[in-house]
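# Reading the structure
One letter stands for each residue in the lines below.
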Amino acid sequence: TGVDVRLPLNIDFDGWMAWEAGCYLSVEQSCRRKLESLVDKIVGLPQGSRKCDHLSLYRSRKYPWHEFCAAVKMIKVETNNQDWGSVEGVSIRLKI
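Okay, so let's go over this structure. Being a predicted model, the structure only gives us computed values, none of them experimental.

### Thoughts on the overall build of the protein chain
Along the backbone of the protein chain there are two helices and four strands. Mapped from its N terminus to its C terminus, the protein chain presents α and β elements in the order β-β-α-β-α-β. Evaluated residue by residue, the protein chain yields a buried proportion of 29% over its 96 residues. Expressed as a percentage of contacts within the protein chain between residues at least 6 apart in sequence, the contacts between residues at least 24 apart total 68%.

Below, the structure is given as structure tokens:
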């Protein structure tokens, strides 16, 4: 991506991802590019998608699906007008 980025890195969020499978905060676009630039520097990763677009907060784990989806919807509706803030990224964890 041509962006020189180093850790720690401030990561901003801009709302919920539109996925029903859980509560995932969307990483702001400029922060996505910075994170992807960092990942691109790691040698030996398998080819394929290298999206750095969300933070998983709440995912279904053996919970009845219909109840889980209702809870996710309620969380998103009740928190829709929030200032999402940011976190400081101090390390990279890979899920391959």
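So much for the structure itself; the text now carries on.
### Points about the sheet that holds strand 1 (residues 9-16)
The strand order across the open sheet built from four strands is 3-2-1-4, with neighbouring strands paired in antiparallel fashion. Each edge of the sheet is formed by a strand with only one pairing partner; in this case those strands are strand 3 (54-59) and strand 4 (86-89). Pairwise comparison of adjacent strand axes, ignoring direction, gives a mean angle of 35° for this sheet. Direction of pairing for strand 2 (residues 22-27) relative to strand 3: antiparallel, over a ladder of five bridges. For Tyr 24, the partnering residue across the bridge sits in strand 3 and is Ser 56. Across the sheet, helix 1 (residues 29-40) lies against strand 1 and strand 2, angled at about 130° from strand 1, the strand it touches most. Relative to strand 2, helix 2 (residues 65-78) is tilted by about 40°, and along the sheet it contacts strand 1, strand 2 and strand 3.

### A short note on the packing of aromatic side chains
The full count for this structure, using the stated rule, is four aromatic pairs. Look at Trp 16 and Trp 84: their rings are 5.0 Å apart centre to centre, the planes differ by 70°, and that puts the pair in the edge-to-face class. Of this pair, Trp 16 sits in strand 1 while Trp 84 is found in the loop between helix 2 and strand 4, placing the two residues 68 residues apart along the sequence. A centroid spacing of 5.3 Å and a plane angle of 45° characterise the contact between Tyr 58 and Phe 68, whose relative ring orientation is tilted. Placement of the pair is Tyr 58 in strand 3 and Phe 68 in helix 2, with a sequence separation of 10 residues. Aromatic ring contacts, followed pair by pair, group Tyr 58, Trp 65 and Phe 68 into a single cluster.

### Focus on helix 2
A rise of 1.5 Å per residue sets the reference length of helix 2, with its 14 residues, at 20 Å; its end C-alpha atoms lie 20 Å apart and thus fit the reference within 8%. Regarding helix 2, the residues found buried are Phe 68, Val 72 and Lys 76. For helix 2, the arc enclosing every buried residue in end-on projection is 65°, short of the 170-degree limit, so these residues lie on one face. Of the residues in helix 2, the exposed ones pointing more than 90 degrees away from the buried face are His 66, Lys 73, Met 74, Val 77 and Glu 78. Buried-residue contacts for helix 2 involve strand 1, strand 2 and strand 3.

Calculation criteria
- Residues numbered from 1 in each chain as written.
- Predicted model: local features only at pLDDT ≥ 70, side-chain atom pairs only at ≥ 80, totals over all residues.
- Heavy atoms only, no water.
- Helix = DSSP H or I, 4+ residues; strand = E, 2+ residues; numbered from the N terminus.
- Buried < 20%, exposed > 50% of the residue type's maximum accessible area, 1.4 Å probe, protein only.
- Contact = heavy atoms within 4.5 Å.
- Pairing = 2+ DSSP bridges.
- Axes fitted to C-alpha atoms, helices over the stretch in contact; angles between N-to-C directions.
- Phe/Tyr/Trp six-rings, centres within 6.5 Å; stacked < 30°, edge-to-face > 60°.
- Expected span 1.5 Å × (residues − 1).
- Arc of directions from axis to C-beta.

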